[in-house]
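Fold and geometry: a report
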Amino acid sequence: MRNPTYFEGDLRATLLEVAEEEVASQGFAQVSLRSIAKRAGVSHAAPAYHFQDKRGLFTALAVEGFAELGTRMRGALSRLGAAPAAERIQELGMVYIGFARERAGLFEVMWRPELHHRDDPALKAGAQATKDTMTELIVQAQQEGWSTRPDTLHLVVLGWAAVHGLAVLWRDGPLADQNEGADPYELSRAVLGTLAAALQALPS
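What comes next concerns the included structure.

When you go through the protein residue by residue, the secondary structure sums to nine helices and zero strands. Order of helices (α) and strands (β) in the protein, N terminus to C terminus: α-α-α-α-α-α-α-α-α. Seen through its C-alpha atoms, the protein measures out along the principal axes to roughly 65 × 40 × 30 Å. For the protein, with 204 residues in total, the buried portion stands at 41%. Considering the protein, the positive charge centre built from 20 side chains and the negative charge centre built from 25 side chains are found 4 Å apart.

Structure, rendered in structure tokens:
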């Protein structure tokens with residue numbers, strides 16, 4: 001019989017993994033430290049050794065999410081090398097959407113600031129690094145000849161809103177359901193390609 005006061009392995013990592021699974025399957029509103037502990041097979045008090053409260057748990061999940069998303073984004077840009085800016089933007093968007101699909105629990109928690117300890121340094125750094133990667137991509141595009149007339153921040157937010165919106169529409173169903181059963185992957189890729197082409201065509 002498992003001793004509920006003892007856990008063989010990395011309990012913190014296990015609790016985060018269980019929490020991610022529960023958010024993805026049930027939604028964050030149904031998650032509690034007690035339910036996570038029960039599923040992990042430890043006492044209901046065990047999570048307190050790693051997380052002061054549920055916000056602490058969600059903050060740690062969000063930090064993990066931003067770290068992985070950042071790794072994926074930087075890896076994609078590295079692989080693309082000197083590809084045209086429009087292609088880099090399209091691919092980075094697809095990486096973002098792919099992450100949202102594959103790590104749905106993390107993605108849900110990352111963008112719910114009401115769930116976090118907002119002053120957590122690691123959380124703030126992770127979120128800023130994600131935005132910085134997007135900003136760097138737009139700045140590079142402008143240096144390569146794209147229009148500098150629109151404010152760089154406006155272009156970053158426009159691209160971010162489009163990518164995030166596609167990710168949510170795909171996750172929730174309307175991207176396919178309300179577009180005659182279109183393949184969500186191909187539709188997302190085409191929309192991002194159209195967006196990148198439109199940004200590239202802006203007058204200088």
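To continue, consider the environment of Ala141. Take Ala141: it is sitting in helix H6 (residues 121-143). Judged by relative accessible area, Ala141 falls into the buried class, the value being 0%. With 69 residues separating them along the chain, Ala141 and Arg72 place their C-alpha atoms 20 Å apart. The contacts of Ala141, once residues within four sequence positions are left out, are Ala85 and Trp146.

What follows deals with the packing of helix H4 (residues 85-102) against helix H7 (residues 152-172). Where H4 contacts H7, the axes come no closer than 9 Å and their chain directions differ by 35°. When the axes of H4 and H7 are compared, the crossing they make is right-handed. The residues of H7 that touch H4, namely those facing Gly93, Tyr96, Ile97, Ala100 and Arg101, are Trp160, Val163, His164, Leu166, Ala167, Trp170 and Arg171.

Our focus in this paragraph is the nonpolar core. With 55 residues, the main nonpolar core has Ile36, Phe58, Leu61, Ile97 and Trp146 as its most contacted residues. Among the elements of the structure, helix H1 (11-26), helix H2 (33-40), helix H3 (54-80), H4, helix H5 (104-110), H6, H7 and helix H9 (184-200) are those that each provide at least two residues to this core. Tallying contributions element by element places H4 first for this core, with ten residues.

Conventions used here
- Residues numbered from 1 in each chain as written.
- Predicted model: local features only at pLDDT ≥ 70, side-chain atom pairs only at ≥ 80, totals over all residues.
- Heavy atoms only, no water.
- Helix = DSSP H or I, 4+ residues; strand = E, 2+ residues; numbered from the N terminus.
- Buried < 20%, exposed > 50% of the residue type's maximum accessible area, 1.4 Å probe, protein only.
- Lys, Arg positive; Asp, Glu negative; His and termini not counted.
- Charge placed at Lys NZ, Arg CZ, Asp CG, Glu CD.
- Contact = heavy atoms within 4.5 Å.
- Axes fitted to C-alpha atoms, helices over the stretch in contact; angles between N-to-C directions.
- Left-handed = near helix turned anticlockwise from the far one by under 90°.
- Core = buried A, V, L, I, M, F, W, Y, C linked by side-chain atoms within 4.5 Å.

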